[in-house]
Amino acid sequence: MNAETLIADDYRPTDDEPFMNDRQLEYFRRKLNDWRAELLADSRDTIEGLQDSTRNIPDIADRASEETDRALELRTRDRQRKLVSKIDSALRRIDEGEYGYCEVTGEPISLKRLDARPIATMSLEAQERHERREKVHRDD
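Treat the numbers as computed from the prediction; the structure is a model and nothing was measured.

**Student:** Residue-level account of the overall build of the chain, with values.
**Tutor:** Looking only at helices and strands, one finds four helices and zero strands in the chain. Computed over its C-alpha atoms, the radius of gyration of the chain comes to 20 Å, more than 25% above the 14 Å expected for a compact globule of 140 residues. For the chain, the proportion of its 140 residues judged to be buried stands at 31%. Look at the contacts in the chain between residues 6 or more apart in sequence, and 54% of them connect residues 24 or more apart. About 10,000 Å² of surface is accessible on the chain, with carbon and sulfur atoms providing 47% of the total.

Structure (structure tokens):
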């Protein structure tokens, strides 16, 4: 990967260019890093908000409502923490030259899928097969 790869802000990967060329890799690296930064900023805001809102609320209904809101916020942040881990994994795959290829079949993952879900590790077909098998085993 060329560290000096420059891409325009309006660049979008297309099927007309070689798969996972330097420009596409830089596009996805930026997309993942921006997403990661946004999630971490949200997490910092949550922590600050929780620290600021530690007050004694006399009304039991208001206190219960605030506790429910806090629990929901913490659950959301936990999901985002797991998402940051997946983003880090995708960034590692970019560095190792494995990004964009299905971990099951080794085939390229479609650019549309990667653009919509840049942390994808399986092609759409492999993901659907995985989910069908998961559903069958879950119903047993």
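**Student:** Let's hear about the nonpolar core: which residues, and what values?
**Tutor:** Within the largest apolar cluster, 23 residues are counted, with the highest numbers of intra-cluster contacts made by Met20, Phe28, Leu32, Ile87, Ile94, Tyr99 and Leu114. Elements supplying a minimum of two residues to this core: helix H1 (22-52), helix H2 (60-96) and helix H3 (111-116). When residues in this core are grouped by element, the largest group, six residues, is from H2. Aside from chain neighbours lying at most four places away, what touches isoleucine 94 is Leu25, Phe28, Arg29, Leu32 and Tyr99.

**Student:** So, H2: which residues are in play, and what are the values?
**Tutor:** When the terminal C-alpha atoms of H2 are compared, their 54 Å separation across 37 residues agrees well with the 54 Å that a helix rising 1.5 Å per residue should span. Considered for burial, the residues of H2 that qualify are Glu66, Arg77, Gln80, Leu83, Val84, Ile87, Ala90, Leu91, Arg93 and Ile94. A positive phi of about 80° marks glycine 97, the residue just after H2.

**Student:** Tell me what's going on with the packing of aromatic side chains, and back it up with residues and numbers.
**Tutor:** What describes a pair of aromatic rings is the distance from one ring centre to the other and the angle between the planes of the rings. Enumeration over the complete set of coordinates arrives at four aromatic pairs. Summarising the aromatic geometry, the rings of tyrosine 11 and tyrosine 27 are spaced 5.8 Å apart at their centres and angled 75° between planes, so their arrangement reads as edge-to-face. Taken as a pair, tyrosine 11 in the segment before H1 and tyrosine 27 in helix H1 lie far apart in primary sequence, 16 residues in all. This pair shows no difference in class: tyrosine 11 is buried, exactly as tyrosine 27 is. Between the aromatic rings of phenylalanine 19 and tyrosine 101, the centroid separation amounts to 5.2 Å while the plane-to-plane angle is 85°, which identifies the pairing as edge-to-face.

What counts as what
Residues numbered from 1 in each chain as written. Predicted model: local features only at pLDDT ≥ 70, side-chain atom pairs only at ≥ 80, totals over all residues. Heavy atoms only, no water. Helix = DSSP H or I, 4+ residues; strand = E, 2+ residues; numbered from the N terminus. Rg over C-alpha atoms; globule rule 2.2 N^0.38 Å. Buried < 20%, exposed > 50% of the residue type's maximum accessible area, 1.4 Å probe, protein only. Contact = heavy atoms within 4.5 Å. Areas by Shrake-Rupley, 256 points an atom, 1.4 Å probe, with all protein chains shown as cover. Core = buried A, V, L, I, M, F, W, Y, C linked by side-chain atoms within 4.5 Å. Expected span 1.5 Å × (residues − 1). Phe/Tyr/Trp six-rings, centres within 6.5 Å; stacked < 30°, edge-to-face > 60°.

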